[in-house]
Amino acid sequence: MTGKFENIQICGISAAVPSKIEENAKAAEILGERRCRKQIKLTGVKSRHVSAEEQVLSDLCYPAAKKLMEHLKWQPDEIKVLVLLTQCENYRTPSTAFLIQKLLGIPQDCIVFDMNLGCSAFNAGIQVVASLLQQFPGNIKALCFQGDLAYESIHHDMSADAVASNMLFGSAASVVAIEKMEQRCGFAIPIDTLSDGKRYRAILRHYNDSLNMDGEAVFAFSIGDVADSIIDFRKKNRIFEPDIDFYVFHQAQKLILDNIAEICEIPEGKELRSLEEYGNTSGASIPLSLCVNGSRYADKDKIRILSCGFGVGLTWSTSYIEIETKNILPVLVSDVLYEK
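As a starting point, this report considers the structure included with it. This one's a predicted model, so the numbers in the text were calculated from it and none came from an experiment.

1. Remarks on the overall build of the chain
Next, step 1: Each helix and strand counted, the chain has 10 helices and 16 strands in total.
Next, step 2: Radius of gyration (C-alpha) of the chain: 19 Å, near the 20 Å computed for a compact globule of 340 residues.
Next, step 3: Structurally, the chain occupies a C-alpha span of about 60 × 50 × 40 Å along its principal axes.
Next, step 4: Classification of the 340 residues of the chain by burial places 56% in the buried group.
Next, step 5: Here the contacts in the chain between residues at least 6 apart in sequence split such that 80% fall between residues at least 24 apart.

2. Focus on the sheet that holds strand E5 (residues 79-86)
Next, step 1: The mixed open sheet is built from 6 strands, whose spatial order is E6-E5-E7-E8-E2-E16. Each end of this open sheet is capped by a strand with a single partner; those strands are strand E6 (111-116) and strand E16 (332-333).
Next, step 2: Pairing of strand E2 (residues 8-17) with E16 involves 2 bridges; the strand directions are parallel. Looking at the pairing, Val 17 lines up with Val 333 of E16.
Next, step 3: Contacting E2, E5, strand E7 (140-148), strand E8 (172-180) and E16, helix H3 (residues 58-72) runs over the sheet at an angle of about 135° to E2.
Next, step 4: The strands that helix H4 (residues 96-104) touches are E5, E6 and E7; relative to E5, the one it contacts most, it runs at about 135°.

3. Describing the sheet that holds strand E9 (residues 189-195)
Next, step 1: On the basis of which strands lie adjacent, the open sheet formed by 6 strands has the order E1-E9-E15-E14-E12-E13 and mixed pairing. Where the open sheet ends on each side, the last strands, each with one partner, are strand E1 (2-5) and strand E13 (271-272).
Next, step 2: In this sheet, E13 lies alongside strand E12 (residues 246-249) in parallel orientation, the contact comprising 2 bridges. Its bridge partner lying in E13, Val 248 is registered against Leu 272.

4. Section: helix H5 (residues 121-133)
Next, step 1: Under the 1.5 Å per step criterion, the end-to-end length of H5 is 18 Å for 13 residues, consistent within 8% with the ideal 18 Å.
Next, step 2: Of all the 13 residues making up H5, 11 are buried; the element is thus mostly covered by neighbouring parts of the structure.
Next, step 3: Those residues of H5 lying buried are Ala 121, Phe 122, Asn 123, Ala 124, Gly 125, Ile 126, Gln 127, Val 129, Ala 130, Leu 132 and Leu 133.

5. A few points about the pattern of salt bridges
Next, step 1: Taken as a whole and assessed by the stated rule, the structure comprises 20 salt bridges.
Next, step 2: Its salt-bridge partner being Lys 46, residue Glu 276 comes within 3.6 Å of it at the nearest N-O pair. Note that Glu 276 is positioned in helix H9 (residues 275-278) and Lys 46 in the loop between helix H2 (33-43) and strand E4 (47-49), a separation of 230 residues in sequence.
Next, step 3: Two residues, Asp 258 and Arg 273, come together in a salt bridge whose shortest N-O distance is 2.9 Å. Of the two residues, Asp 258 sits in helix H8 (residues 254-263) while Arg 273 sits in the loop between E13 and H9, which places them 15 residues apart along the sequence.
Next, step 4: According to the relative accessible area criterion, Asp 258 is partly exposed, its value standing at 30%.
Next, step 5: Judged by its relative accessible area of 23%, Arg 273 is partly exposed.
Next, step 6: Counted as one network, the salt bridges with shared partners bring together Lys 254, Asp 258, Glu 271 and Arg 273.

6. Let's talk about the packing of helix H7 (residues 215-236) against H8
Next, step 1: For the pair H7 and H8, interaxial distance at closest approach is 9 Å and the crossing angle is 35°. In this structure, the crossing between H7 and H8 has a hand that is right-handed. Residues Val 218, Phe 219, Ser 222, Ile 223, Val 226, Ala 227, Ile 230 and Ile 231 of H7 lie in contact with H8, whose contacting residues are Leu 255, Ile 256, Asn 259, Ile 260 and Ile 263.
Next, step 2: Considering only residue class, the contact of H7 with H8 consists of 11 nonpolar, 2 polar and no charged.

7. Observations concerning unusual backbone geometry
Next, step 1: Cis rather than trans, the peptide bond between Thr 93 and Pro 94 has omega equal to 5°.
Next, step 2: Structurally, Pro 94 is set in the loop between E5 and H4.
Next, step 3: Cis rather than trans, the peptide bond between Gly 313 and Leu 314 has omega equal to -10°.
Next, step 4: On the secondary structure map, Leu 314 appears in the loop between strand E14 (302-311) and strand E15 (315-324).
Next, step 5: Positive phi outside glycine occurs at Glu 265, with the angle close to 55°.
Next, step 6: Among the structural elements, Glu 265 can be located in the loop between H8 and E13.
Next, step 7: Among the residues examined, Glu 265 registers a relative accessible area of 65% and is labelled exposed.
Next, step 8: The phi dihedral of Ser 282 is positive, around 55°, even though this residue is not glycine.
Next, step 9: Residue class for Ser 282 comes out buried when judged on its relative accessible area of 9%.

8. Here we look at H7
Next, step 1: For H7, which comprises 22 residues, the first-to-last C-alpha distance of 30 Å matches the rise-based estimate of 32 Å (1.5 Å per residue) to within 8%.
Next, step 2: Looking only at H7, the buried set comprises Val 218, Phe 221, Ser 222, Val 226, Ala 227, Ser 229, Ile 230, Phe 233 and Arg 234.
Next, step 3: In the stretch just after H7, Arg 238 is the one whose phi turns positive, near 50°.

9. Overview of the state of the cysteines
Next, step 1: Counted according to the given criterion, the structure contains 0 disulfides.
Next, step 2: Unpaired in this structure, Cys 61 has its nearest cysteine sulfur neighbour in Cys 144, at a distance of 10 Å.
Next, step 3: Relative accessible area serves as the criterion here: at 1%, Cys 61 is assigned to the buried category.
Next, step 4: Overall, the relative accessible area of 0% leaves Cys 144 in the buried class.

What counts as what
- Residues numbered from 1 in each chain as written.
- Predicted model: local features only at pLDDT ≥ 70, side-chain atom pairs only at ≥ 80, totals over all residues.
- Heavy atoms only, no water.
- Helix = DSSP H or I, 4+ residues; strand = E, 2+ residues; numbered from the N terminus.
- Rg over C-alpha atoms; globule rule 2.2 N^0.38 Å.
- Buried < 20%, exposed > 50% of the residue type's maximum accessible area, 1.4 Å probe, protein only.
- Contact = heavy atoms within 4.5 Å.
- Pairing = 2+ DSSP bridges.
- Axes fitted to C-alpha atoms, helices over the stretch in contact; angles between N-to-C directions.
- Expected span 1.5 Å × (residues − 1).
- Salt bridge = Lys/Arg side-chain N within 4 Å of Asp/Glu carboxyl O.
- Left-handed = near helix turned anticlockwise from the far one by under 90°.
- Nonpolar A, V, L, I, M, F, W, Y, C, P; charged D, E, K, R; others polar.
- Disulfide = S-S within 2.5 Å.

Scope: geometric values only; no functional claims are made or implied.
As structure tokens, this is what we get:
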């Protein structure tokens, strides 16, 4: 599914994480020193921000959005679309997006819903929200959230395999402020989203069960379909290396990212990452990587980003966006619980 949006502007990005940090080196107590060191080397994840048992996703989404709206001087009654992409909703029903609407004080005149999507949520969410905004006249604003949670290890199965799996994932929520402009913005946003339901079992989690991942299938998918799609995306949209300030990919793990960078011939120093300190944060990993790397683009007023999210589905989504650097906010750390 290919879209190109000439009247959509990415106005700002914000992200939030909990304060609790788990150091992966401590897993040596269960895995042993050798396996622990190997795990950290392959994944590139040294530490992760994790949630306490009582924290729910909206506890991170709300403060991230409140901070961004205040920064942009957006009012609640200006928001006409609010979408949350997650695999860790607060409740089975209703959509967690409704609670976020309530907390932000957004009135009834708004489209609100959740989407069950993980690693490709940043780009796919922008595509869905931008498509919805096309039906409204005038300048219309939207909030697109992404996020999933990882909990403190004391609340998990402490078997060696479970601990090794937990060492990859961290908690984070992000929000993208999007505005549909009456006139062309001067920068068209191309987005490609692809899905392959035939491989849905590659990353699978049943209710009240742990995540099951076919590591070999996911690795092959990442360095095959995903890398090929990035190369094709650049060619199809005539995006050349000088047109790209940074690449930002879903923070799957270091081995996968290193291989994608090599296959796609990405110049050294042009990729932004966050997995070393935050782990794999699912759909929030692309915006989080932008938020934690502010020093890398502090000398620029605007940056152009080529990003690709890929994973559960299997699905992969690539976009090319422009954003003012002053509107990429530093990561917010929050443990406040807003709704019991």
